[in-house]
Amino acid sequence: MRKQFGVLYEGPGDVIVNKISKDLGNPTKLISVGDVTTFHLLKSGIVPDILIIDDRTHRGPASEKVIKGTKYSGFKELEVYNPPGTITEDLLDALADAMSSDQRYRIFVKGEEDLAALPAIIMAPDNSVVMYGQPDKGMMFVRITSSKKLEMKQIMDQIINEQEDNQLDSIRRKLYGY
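Calculation criteria
- Residues numbered from 1 in each chain as written.
- Predicted model: local features only at pLDDT ≥ 70, side-chain atom pairs only at ≥ 80, totals over all residues.
- Heavy atoms only, no water.
- Helix = DSSP H or I, 4+ residues; strand = E, 2+ residues; numbered from the N terminus.
- Rg over C-alpha atoms; globule rule 2.2 N^0.38 Å.
- Buried < 20%, exposed > 50% of the residue type's maximum accessible area, 1.4 Å probe, protein only.
- Contact = heavy atoms within 4.5 Å.
- Salt bridge = Lys/Arg side-chain N within 4 Å of Asp/Glu carboxyl O.
- 1 Å grid on protein atoms, 1.4 Å probe; cavity = no way out; pocket = protein on both sides within 12 Å on 5 of 7 lines; lining within 4 Å.
- Points joined across faces, edges and corners; volume = space filled by probe spheres on them.
- Nonpolar A, V, L, I, M, F, W, Y, C, P; charged D, E, K, R; others polar.
- Pairing = 2+ DSSP bridges.
- Axes fitted to C-alpha atoms, helices over the stretch in contact; angles between N-to-C directions.
- Parallel < 35°, antiparallel > 145°, perpendicular 65-115°, else oblique.
- Left-handed = near helix turned anticlockwise from the far one by under 90°.

Engineer: I tried to follow the overall build of the protein on my own but got confused; where do I start?
Structural biologist: The helix and strand inventory of the protein stands at 7 helices and 9 strands. Against the compact-globule benchmark of 16 Å for 178 residues, the protein has a radius of gyration of 15 Å, which places it among compact chains. The dimensions of the protein, computed from C-alpha atoms along their principal axes, are 45 × 35 × 30 Å. With 178 residues in all, the protein has 51% of them scored as buried. Long-range contacts, defined as pairs at least 24 residues apart, comprise 68% of the intrachain contacts of the protein with a sequence gap of at least 6.

Engineer: Teacher, can you tell me more about the pattern of salt bridges here?
Structural biologist: Opposite charge on two side chains makes pairing possible when the charged atoms of those side chains draw close. The tally for this structure, following the rule as stated, stands at 5 salt bridges. Among the ionic pairs, Glu79 bridges to Lys110, the shortest N-O distance being 3.4 Å. Note that Glu79 is positioned in strand β6 (residues 75-82) and Lys110 in strand β7 (residues 104-111), a separation of 31 residues in sequence. Residue classification places Glu79 among the exposed residues on the basis of a relative accessible area of 52%. The shortest N-O distance in the salt bridge between Lys148 and Glu151 comes to 3.2 Å. Here Lys148 pairs with Glu151, and both are found in helix α6 (residues 146-162), just 3 residues apart, close to one helical turn. Glu151 sits in the partly exposed class, given a relative accessible area of 25%.

Engineer: Even after reading the chapter, I still don't get the layout of surface pockets, so can you show me in this structure?
Structural biologist: The method is simple in principle: a probe with the dimensions of a water molecule rolls over the atoms, and the space it marks as empty is what remains. Empty space within the largest pocket amounts to approximately 790 Å³. Contributions of two or more residues to the lining of the largest pocket are made by α1 (13-24), α2 (35-43), β4 (56-57), β8 (129-134) and β9 (138-143). With 4 residues, α2 is the largest single contributor of residues to the lining of the largest pocket. Across the lining of the largest pocket, the residue classes tally to 9 nonpolar, 10 polar and 10 charged.

Engineer: How do you make sense of unusual backbone geometry when you look at a structure like this?
Structural biologist: If a residue is not glycine, its phi is most likely negative; likewise, a peptide bond is most likely trans. Although it is not a glycine, Asn127 adopts a positive phi angle of roughly 70°. Along the chain, Asn127 falls in the loop between α5 (117-123) and β8. Residue classification places Asn127 among the partly exposed residues on the basis of a relative accessible area of 35%. A positive phi angle, near 65°, is found at Asp136, a position not held by glycine.

Engineer: Looking at this model, I keep getting lost on the sheet that holds β7. Mind explaining?
Structural biologist: In a beta sheet, neighbouring strands are held together by backbone hydrogen bonds and run either parallel or antiparallel to one another. Ordered by their spatial adjacency, 7 strands build an open sheet running β1-β9-β8-β2-β3-β7-β6, and the pairing between neighbours is mixed. Edge positions in the sheet fall to β1 (7-10) and β6, since each of these pairs with one other strand and no more. Between one strand and the next, the sheet's axes are offset by a mean angle of 20°, whatever the strand orientation. In this structure, strand β2 (residues 30-33) lies alongside strand β3 (residues 50-53), joined through 3 bridges in parallel fashion. Among the inter-strand pairings, Ser32 is bridged to a residue of β3, identified as Leu51. Across the sheet, α1 is in contact with β1, β2, β8 and β9; its angle to β9 comes to roughly 15°.

Engineer: Could you clarify how one ought to interpret the packing of α1 against α2 in this entry?
Structural biologist: Packed helices, taken two at a time, are described by the angle between their axes plus the distance between the axes. At their nearest, the axes of α1 and α2 sit 9 Å apart, and the two run at 65° to each other. Here α2 runs roughly perpendicular to α1, going by the angle between their axes. The chirality of how α1 crosses α2 is right-handed. Across the interface between the two elements, Gly13, Asp14 and Val17 of α1 pack against His40, Leu41 and Lys43 of α2.

Here is the structure:
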């Protein structure tokens, strides 16, 4: 996820969220991927429709302040298992449930959520926004369009083809049903 799929907002979290809030508009859905990104959005009063966290940052445990700051009332809680460097059916099922609902969702990932932005971009309705962190740089802001979804599908095909798993066809069907 080091490649930039959207607009990179650089700087400290609070400054970034202030800039982003001016460009956010009224997205169909706002999806936040990552503990620090989610923490700063919630701290600034911007409440995502879907947040995906794993209580980790920079491959280590997130601070208690960040962990506590990503717990927000009013969310339906889902827990999924997703090992590092992969995208599982559990994660896709949780995203599908969240995308099709009017309720807010908090998806807690046991393992790693770093790649969750890719299926979120594919599955999100047009004019949604997916935000995720760029370590030591800032936050990525991706406005969802049909061309952005197509770009992500090409990247996802590469990732799926590299996974050694007998459920690849099922993952493709679930992901590309959106």
